[in-house]
Amino acid sequence: MATKFHHGITAQEVTQGIRPMRNSDTSVIGLIAFSNDADPYKYPIDTPALLSGITQQDINQAGALGTLRPALESIRGITNPTVVVLRLSSITPANIQKLLLATSLLGVTPKILGAPEIDTPMFVAELIKIAKKTRAFVYAHPRDDQGNLLTDKTEIAAYRDKFSDRELMIIDGEWDAPIDPNAIDARDISFVLDLDSKTHFISLMDEMVRENMAALPS
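Residues numbered from 1 in each chain as written. Predicted model: local features only at pLDDT ≥ 70, side-chain atom pairs only at ≥ 80, totals over all residues. Heavy atoms only, no water.

(A) Representation of the overall build of the protein in the model. Within the protein one finds 7 helices and 6 strands. Across the protein, helices and strands are ordered from the amino to the carboxyl terminus as β-β-α-α-β-α-α-β-α-β-α-β-α. Contacts in the protein between residues far apart in sequence, at least 24 positions, make up 72% of those at least 6 positions apart. (Helix = DSSP H or I, 4+ residues; strand = E, 2+ residues; numbered from the N terminus. Contact = heavy atoms within 4.5 Å.)

Okay, here's the thing in C-alpha cells:
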C-alpha cells in the first residue's frame, strides 16, 4: 500500500545512463573562405561569423578579392540558409579548427561543411576532424596539394582511397558546363541543404534532379 501522496506533477531528471536524444538543427552551413578586402567587423579574421540568411549587404561586405563573395552568391542562388563564415588569414590546421568556436560564440553548430576551391587534401582532413566532433558532414572536390581540381579518373580514384570516413562526400567535377577553372562555386553544399529541407537529412545528390544547373560534366 502506498504511504506517500503527492498532489501535482512530478518530474524525473535523468542523472545517469543514456540520456534522451535532443533535436539538432542540420540546416546550418559552415563556410570557410578567403577575402582580402571583406568588412573586418562583419567577417573578422579567424573568427566564426553568423549570417542569419544571406542579404545583398552581406555579399557586398564580403569584398571582391577572394572566395568568400562568390561562394555566398552561389549559395544564395539556390537557397538562403543560416551560414557560419570563417574567414581565414592563412591555411593552417589551427585556423581551420577555429570553426569549432561557432558553438560557444554563436550558439549554433554548422552541420554542412565546405571550403570551395581551397579544399586540398590537408584541408579536407581537418574538416573531417571537425565533422567527427560535431556530427557534421563534409562536401569536397578531389584536388591535389596545390588545390588544382583532379579530372583524371585514375587520380580521382586514388584520391578517394585516401579517405574512409563516413563524414565525407567527394564530388567528382564542378557544377555547370563547361568547367571554369577560375570559378568559385559553393552550390554543392547549398543544394544539399535545400534537398534536406525538402526530403530528409543527408539525401543522396546523385538520386535527385538538380534545379538551376546547366549540366553536370562527366
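(B) Summary view of the pattern of salt bridges. In this structure the tally under the stated criterion is 9 salt bridges. Residue D119 is joined to R143 by a salt bridge in which the shortest nitrogen-to-oxygen separation is 2.4 Å. Here D119, found in the loop between β4 (112-114) and α5 (121-134), pairs with R143, found in the loop between β5 (137-140) and α6 (153-160); they are 24 residues apart in sequence, far enough to count as distant. The residues D119 and R143 share a single accessibility class, namely buried. With a closest N to O distance of 3.2 Å, R160 and D161 form a salt bridge. One network of salt bridges, in which partners are shared, links K132, D165, R166 and E167. (Salt bridge = Lys/Arg side-chain N within 4 Å of Asp/Glu carboxyl O. Buried < 20%, exposed > 50% of the residue type's maximum accessible area, 1.4 Å probe, protein only.)

(C) Structural context of the nonpolar core. Ranked by internal contacts, the top residues of the largest apolar core, which has 25 residues, are I32, F123 and L127. By residue number, the principal contributor to this core is α5, which donates 6 residues. Among the nonpolar cores identified, the runner-up in size contains 20 residues, and A33, A62, Y139 and I171 belong to it. (Core = buried A, V, L, I, M, F, W, Y, C linked by side-chain atoms within 4.5 Å.)

(D) Geometry of the packing of aromatic side chains. In total, this model carries 2 aromatic pairs according to the counting rule given. Aromatic pair F137 and Y139: ring centres 5.3 Å apart, planes at 50°, arrangement tilted. Pair check on accessibility: F137 and Y139 agree, each one buried. (Phe/Tyr/Trp six-rings, centres within 6.5 Å; stacked < 30°, edge-to-face > 60°.)

Everything listed here is a matter of geometry and, on its own, says nothing about what the molecule does.
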